[in-house]
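Letter by letter, the chains look like this.
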Amino acid sequence: MADTGAGRFAPSPSGRLHVGNLRTAVLAWLFARSTGRRFLIRVEDLDRVRAGAEAEQLAELAALGLASDEPALRQSGHTARYTEALERLITQDLAYECFCTRRDIADAASAPHGRPGFYPGTCRALGEDERARRRLERRPALRLRSAVDGWTVEDLLAGRVTAPVDDVVLRRNDGVIAYNLAVVVDDAAQGIDQVVRGEDLLDSAPRQAYLASLLGLPVPTYAHVPLAVTAEGRRLAKRDGAVTLEDLAGQGWSAAAVLDTILASLGLPGGSLDAALAVFDPGRLPRHPWVVDPAVLFPTTAGPACKPSAPTDKVHP
């Protein structure tokens, strides 16, 4: 296949994939294939790894017809390139030591004028003597020294998105490279120029695009897709019932029937991924979350039942 860029699906091997995860993977494949791109699978195993989960996830994806065009990449095998990127930022004085605990950050966010989820820069201006003293008490994390208040990206579904960019963690205090740095480096190294993922990560895109700009790396095209949610509007999780291929197989559901249900939720014909690809149009995708009620979508008696999901108040224009 000609190198025309690539899209990717990048799960963390922390457990089995549920139908919401699989729906996002199907969308990543459809976006990639409809634009002539390669489809890659990346195992983001720097954190939250459960023994055997990687093999389970790859088997689940394969059961739906989703296979990587190249051997699946494991982040744990590429720490050298993350370290090299981190060293570049340190050399440019774009990283600093942070000694804050999670409690410190939570307290700062709850203070007047604090912003939940954003680091207030507590350790930015510490002098060398103070840093040396604190190193004796706690190993520091490394944070980005952001020079902007916000950054803007273009999303194929959400449009122009501007979000604040704070001093994100680059390396945790246990020495593990943080998510935001790893994905930026990996996407560039793998030639991934299209990122399709859940809309819960939309606010991360400006942070990652800004970080890419500092490293001189290309910024991919983004498409953040609606999530699968429960009838109560909570993000779907495995605890919500029969929502994994393993559970559904126990009720008599084939992987093909589950795929048909996922495709129906997107307004696409079933039968095969190729049939869906033939009519795939991102502009016609549902913009509201997919409401998953296992008792309705996947009744105990096997069959390709599907209840059209209704809009919730989490609608994106």
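Residues numbered from 1 in each chain as written. Predicted model: local features only at pLDDT ≥ 70, side-chain atom pairs only at ≥ 80, totals over all residues. Heavy atoms only, no water.

### Remarks on the overall build of the chain
Here comes step 1: The number of helices and strands found in the chain is 11 helices and 12 strands.
Here comes step 2: Based on the C-alpha atoms only, the size of the chain along its principal axes is roughly 70 × 45 × 40 Å.
Here comes step 3: Counting all 317 residues of the chain, 47% fall into the buried class.
Here comes step 4: Expressed as a percentage of contacts within the chain between residues at least 6 apart in sequence, the contacts between residues at least 24 apart total 76%.
Here comes step 5: When the accessible surface of the chain is split by element, carbon and sulfur atoms take 53% of a total near 14600 Å².
Here comes step 6: Taken together, the 37 basic and 40 acidic charged side chains of the chain have centroids lying 2 Å from each other. (Helix = DSSP H or I, 4+ residues; strand = E, 2+ residues; numbered from the N terminus. Buried < 20%, exposed > 50% of the residue type's maximum accessible area, 1.4 Å probe, protein only. Contact = heavy atoms within 4.5 Å. Areas by Shrake-Rupley, 256 points an atom, 1.4 Å probe, with all protein chains shown as cover. Lys, Arg positive; Asp, Glu negative; His and termini not counted. Charge placed at Lys NZ, Arg CZ, Asp CG, Glu CD.)

### Re the sheet that holds strand β4 (residues 95-98)
Here comes step 1: Taken together, three strands build an open sheet; the order of strands is β4-β5-β8 and the sheet is antiparallel. Because the sheet does not close on itself, it has two edges, and the strands there are β4 and β8 (169-171). Mean inter-strand twist for the sheet, computed between neighbouring axes without regard to direction, equals 45 degrees. (Pairing = 2+ DSSP bridges. Axes fitted to C-alpha atoms, helices over the stretch in contact; angles between N-to-C directions.)

### Details of the nonpolar core
Here comes step 1: With 43 residues, the main nonpolar core has Val 19, Val 26 and Leu 66 as its most contacted residues.
Here comes step 2: For this core, the secondary structure elements donating two or more residues are α1 (19-34), β2 (38-43), β10 (221-225), α8 (245-250), α9 (255-265) and α10 (273-278).
Here comes step 3: Ranked by the residues each element gives to this core, the list is headed by α1, at 10 residues.
Here comes step 4: Contact partners of Val 19, with chain neighbours within four places excluded, come to Leu 236, Val 243, Leu 248, Val 258, Ile 262, Trp 290, Val 292 and Phe 298. (Core = buried A, V, L, I, M, F, W, Y, C linked by side-chain atoms within 4.5 Å.)

### A look at the packing of α1 against α9
If you want to describe how two helices pack, look at the angle between their axes and the distance between the axes.
Here comes step 1: The N-to-C vectors of α1 and α9 enclose an angle of 70 degrees; their axes lie 10 Å apart at closest approach. One element, α1, and the other, α9, form an angle in the roughly perpendicular class. Crossing of α1 over α9 shows right-handed handedness. Mapping the contact onto sequence places Val 19, Leu 22, Arg 23 and Val 26 in α1 and Val 258, Leu 259, Ile 262, Leu 263 and Ser 265 in α9.
Here comes step 2: Tallied by class, residues from the contact of α1 with α9 come to seven nonpolar, one polar and one charged. (Parallel < 35°, antiparallel > 145°, perpendicular 65-115°, else oblique. Left-handed = near helix turned anticlockwise from the far one by under 90°. Nonpolar A, V, L, I, M, F, W, Y, C, P; charged D, E, K, R; others polar.)

### Brief notes about the pattern of salt bridges
Here comes step 1: Within the structure shown, the criterion is met by 29 salt bridges.
Here comes step 2: In this structure, Glu 154 engages Arg 160 in a salt bridge whose closest nitrogen and oxygen atoms are separated by 2.9 Å.
Here comes step 3: Among the salt bridges present, the one from Arg 172 reaches Asp 174, with a minimum N-O distance of 2.5 Å.
Here comes step 4: By relative accessible area, which is 26% here, Arg 172 ends up partly exposed.
Here comes step 5: Assessed through its relative accessible area of 42%, Asp 174 is described here as partly exposed.
Here comes step 6: When salt bridges that share partners are traced, they join Arg 8, Arg 42, Glu 44, Arg 81, Asp 186 and Asp 187 into one network. (Salt bridge = Lys/Arg side-chain N within 4 Å of Asp/Glu carboxyl O.)

### As for the pairing of strand β5 (residues 141-144)
Here comes step 1: Side chains of β5 alternate between two faces, with Ala 141 and Arg 143 and Leu 142 and Leu 144 buried alike.
Here comes step 2: Examined bridge by bridge, β4 and β5 share four bridges and lie antiparallel to one another. Bridging across to β5, Ala 95 finds its partner in Leu 144.

### With respect to the confidence of the model for the chain
Any segment with low pLDDT has predicted coordinates that should not be analysed in fine detail.
Here comes step 1: With 91% of its residues at a pLDDT of at least 70, the chain reaches an overall mean of 90.
Here comes step 2: Low pLDDT, under 50, characterises residues 301-317; the stretch is placed with 36 contacts to residues that sit more than four places away or in other chains. (pLDDT = per-residue confidence, 0-100.)

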